[in-house]
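Here's the letter readout for the chains.
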Amino acid sequence: MRENEKRRVLELLRRRKHVAVRGEKFSGKTHFLKELAHQTGGIYIERITPIKRTLVKITAELIRKGLAEIDGLDYREARYLDDAEMEKRFRNIPAEILLNMLIEEEWDVPLFIDDADVEGKRGLSVLESLMEAFTVCFSFTKPKPVLKFLYRSTTIRLEPVPHYEIRALLREYNLPDSVERQIIAKAGGLPGVAISLAKNPEALKDSPPARKLNMTFILLALVSVVVIARFIALGTNDTDVYVLSGIGYGLMSFLRFFIYRGMRQ
């Protein structure tokens, strides 16, 4: 899936160019970055924050790959330690020192960071530092928070994928053809939506929203009745009908605002 986009990213990373992957929610950015990290032997980071945990993970991956040795810990021991045990090993080293250790060198391992646009100022500051030491491929949805990084990167946009690619993605779920067709129609080319529906097909059976009653014609009919009643009252000189119809018209004018606001909501 998205082989052309992958080839473009891989070529840019080979030339040590930063890459920004843009896509809307559920467009498959996470899956895209994880596949690239697997192909390149890179390091995938779900979020920069919490910062200490992320820096430990990056450091641990470098040690496991045999590219670094810190505090007497080398790849032979590190490959048997999970992330939680690594955090314990580095608990006495402040995040600032870990960051400084990482940015002292230029690493040949690409770094893949998901959803950079949701990070706060501190997280974006760390991202800026990491871009000095690593070739970074990060994903985002909203450009404004990561604008200054876009000037240093080449942007690859993830467009909705064709139906046949969504169908190929759904094969592993062994769904009936009728369910597959419904998912493809609802997914709109967004892999994340397709996977979510494949995992929970019951969501397809949700009843459609109730139709809202259009009050426009009812209000027009009531206003017409009131106006006619007032003219009849004027012709027959019936003061009671004239006053009641006037009160009715005033009430409808007052309630019209609340009725239409409820319809819009």
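Residues numbered from 1 in each chain as written. Predicted model: local features only at pLDDT ≥ 70, side-chain atom pairs only at ≥ 80, totals over all residues. Heavy atoms only, no water.

Draft legend 1. Inspection of the pairing of strand S1 (residues 18–22) at higher detail. For S1, the buried fraction is high: four of the five residues fall into the buried class. Two elements, S1 and strand S5 (residues 153–157), share five bridges in a ladder whose sense is parallel. Following the sheet pairing, His 18 is matched in S5 by Ser 153. As paired elements, S1 and strand S4 (residues 136–140) share four bridges and run parallel to each other. Its bridge partner lying in S4, Arg 22 is registered against Phe 140. (Buried < 20%, exposed > 50% of the residue type's maximum accessible area, 1.4 Å probe, protein only. Helix = DSSP H or I, 4+ residues; strand = E, 2+ residues; numbered from the N terminus. Pairing = 2+ DSSP bridges.)

Draft legend 2. Seen up close, the side chain of His 18. Inspection of the secondary structure assignment puts His 18 in strand S1. Side-chain polar atoms of His 18 contact the backbone oxygen of Met 131, separated by 3.1 Å. Among the polar contacts made by the side chain of His 18, one reaches the main-chain amide nitrogen of Val 136 at a distance of 3.0 Å. Excluding residues that lie within four positions of it along the chain, His 18 makes contacts with Met 131, Phe 134, Thr 135, Val 136, Arg 152, Ser 153 and Thr 154. (Polar contact = N/O pair within 3.5 Å; in protein donor to acceptor, adjacent residues only side chain to side chain. Contact = heavy atoms within 4.5 Å.)

Draft legend 3. Representation of unusual backbone geometry in the model. Across the junction of Thr 49 and Pro 50, the peptide omega takes the value 0°, indicating a cis bond. Along the polypeptide, Pro 50 turns up in the loop between strand S2 (43–45) and helix H3 (51–64). A positive phi is found at Arg 16, a non-glycine position, where the angle reads about 60°. Structurally, the position occupied by Arg 16 is in the loop between helix H1 (3–14) and S1. For Arg 16, a relative accessible area of 36% puts it in the partly exposed group. Even without a glycine there, the phi angle at Asn 174 is positive, about 50°.

Draft legend 4. Layout of the sheet that holds strand S3 (residues 111–113). Strand order in this open sheet of five strands is S2-S3-S4-S1-S5, and the pairing throughout is parallel. Edge positions in the sheet fall to S2 and S5, since each has one partner strand and no second. Each strand of the sheet is rotated relative to its neighbour by a mean of 20°, with strand direction disregarded. Contacting S1, S3, S4 and S5, H1 runs over the sheet at an angle of about 170° to S5. Contacting S1, S3, S4 and S5, helix H7 (residues 121–133) runs over the sheet at an angle of about 150° to S4. (Axes fitted to C-alpha atoms, helices over the stretch in contact; angles between N-to-C directions.)

Draft legend 5. Layout of the packing of H1 against helix H2 (residues 29–40). One can describe the packing of H1 onto H2 by two numbers: an axis separation of 11 Å at closest approach and a directional angle of 50°. The orientation of H1 with respect to H2, classified from their angle, is oblique. Between H1 and H2 lies a crossing whose hand is right-handed. Residues Glu 5, Lys 6, Val 9 and Leu 10 of H1 form the contact with H2, whose participating residues are Phe 32, Glu 35, Leu 36, Gln 39 and Thr 40. Split into classes, the residues belonging to the contact of H1 with H2 amount to four nonpolar, two polar and three charged. (Parallel < 35°, antiparallel > 145°, perpendicular 65-115°, else oblique. Left-handed = near helix turned anticlockwise from the far one by under 90°. Nonpolar A, V, L, I, M, F, W, Y, C, P; charged D, E, K, R; others polar.)

Draft legend 6. Spatial organisation of H2. With 12 residues, H2 ought to run about 16 Å at 1.5 Å a step, and its terminal C-alpha atoms sit 16 Å apart, in line with that. Among the residues of H2, Lys 29, Phe 32, Leu 33, Leu 36 and Ala 37 are the ones counted as buried. Looking straight down H2, one finds that the buried residues subtend no more than 130° of arc, so they occupy a single side. Of the surrounding elements, those touching the buried residues of H2 are H1, S1, S2, S3 and S4. Just past H2, the residue Gly 41 takes up positive phi, approximately 70°. (Expected span 1.5 Å × (residues − 1). Arc of directions from axis to C-beta.)

Draft legend 7. Seen up close, the side chain of Thr 54. Positionally, Thr 54 belongs in helix H3. When its relative accessible area of 7% is taken as the criterion, Thr 54 is described as buried. At a separation of 2.9 Å, a polar atom in the side chain of Thr 54 contacts the main-chain carbonyl oxygen of Arg 47.

Draft legend 8. Structural detail: the pattern of salt bridges. Taken as a whole and judged by the stated rule, the model has 12 salt bridges. Linking Glu 11 and Arg 14 is a salt bridge whose minimum nitrogen-to-oxygen distance equals 2.7 Å. Here the residue Glu 11 and the residue Arg 14 both occupy positions in helix H1, the gap between them amounting to three residues, near one helical turn. Among the ionic pairs, Arg 122 bridges to Glu 96, the shortest N-O distance being 3.8 Å. Within this pair, whereas Arg 122 is found in helix H7, its partner Glu 96 is found in helix H6 (residues 95–103), the two being separated by 26 residues in sequence. (Salt bridge = Lys/Arg side-chain N within 4 Å of Asp/Glu carboxyl O.)

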